[in-house]
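Okay, here's what each chain looks like letter by letter:
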Amino acid sequence: MFSSTVAASTLLIALTNSAQSVPAGYLEMHAVEIKLVEQTNQQRIAHGLSPLKLDNGLMKSARRHTAWMTNTNSFVHTSDPVAENIAYGASNSEHAIDMWMNSPGHRANMLGGYRRIGVAAYVAQDGTTYWCQQFLD
């Protein structure tokens, strides 16, 4: 599913061996990606906001950027024209969401006026997990 540019990293899969199903027309998603979207939308709903919709282009972009961060051990935002939350070192999706919700800028992205989302999580060879959420109107 992923290009050879992610050879130095492996997709983090949360306690499952296979991807869960998603609606027709969407990229295949792994359990950790599904959890990131679900937990983001739980936060939005708890704050009276509409849930975000998956966007294939943002999924590809988030995966590409997270793979790049993982492969280069770099922690920088993408230059793509998207709102973005990145993190590293969180032990699971709940931890990543908590980190973002406790940071004013990241929280603003999660609870902003966006309508679409893409996410990714990869593990570097040293065991560090890199996380990414990208948002668009």
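Residues numbered from 1 in each chain as written. Predicted model: local features only at pLDDT ≥ 70, side-chain atom pairs only at ≥ 80, totals over all residues. Heavy atoms only, no water.

1. Re the overall build of the protein
Stage number 1. Summing up its helical and strand segments, the protein has 4 helices and 5 strands in all.
Stage number 2. When the helices and strands of the protein are listed from N to C terminus, the series reads β-α-β-α-β-α-α-β-β.
Stage number 3. Within the protein, buried positions represent 44% of all 137 residues.
Stage number 4. Summarising the internal contacts of the protein: among those between residues at least 6 apart in sequence, 64% fall at separations of at least 24.
Stage number 5. Taken as a whole, the protein presents about 6900 Å² of accessible surface, with 52% of it coming from carbon and sulfur. (Helix = DSSP H or I, 4+ residues; strand = E, 2+ residues; numbered from the N terminus. Buried < 20%, exposed > 50% of the residue type's maximum accessible area, 1.4 Å probe, protein only. Contact = heavy atoms within 4.5 Å. Areas by Shrake-Rupley, 256 points an atom, 1.4 Å probe, with all protein chains shown as cover.)

2. Remarks on the environment of Gln42
Stage number 1. As for its position among the elements, Gln42 is in helix 1 (residues 31–46).
Stage number 2. A sequence separation of 10 residues divides Gln42 from Leu52, and the C-alpha atoms of the two residues are 10.0 Å apart.

3. Some thoughts on the nonpolar core
Stage number 1. One finds Trp100, Ile117 and Trp131 to be the most contacted residues of the largest nonpolar core, which totals 22 residues.
Stage number 2. The set of elements that each furnish at least two residues to this core consists of helix 1, strand 3 (83–88), helix 3 (93–101), strand 4 (116–123) and strand 5 (129–136).
Stage number 3. Contacts of Trp100, omitting those with residues within four sequence positions, involve Leu36, Asn85, Ile86, Ala87, His106, Arg107, Met110, Trp131, Cys132 and Gln133. (Core = buried A, V, L, I, M, F, W, Y, C linked by side-chain atoms within 4.5 Å.)

Honestly, that's just the spatial picture; any functional story needs more than this.
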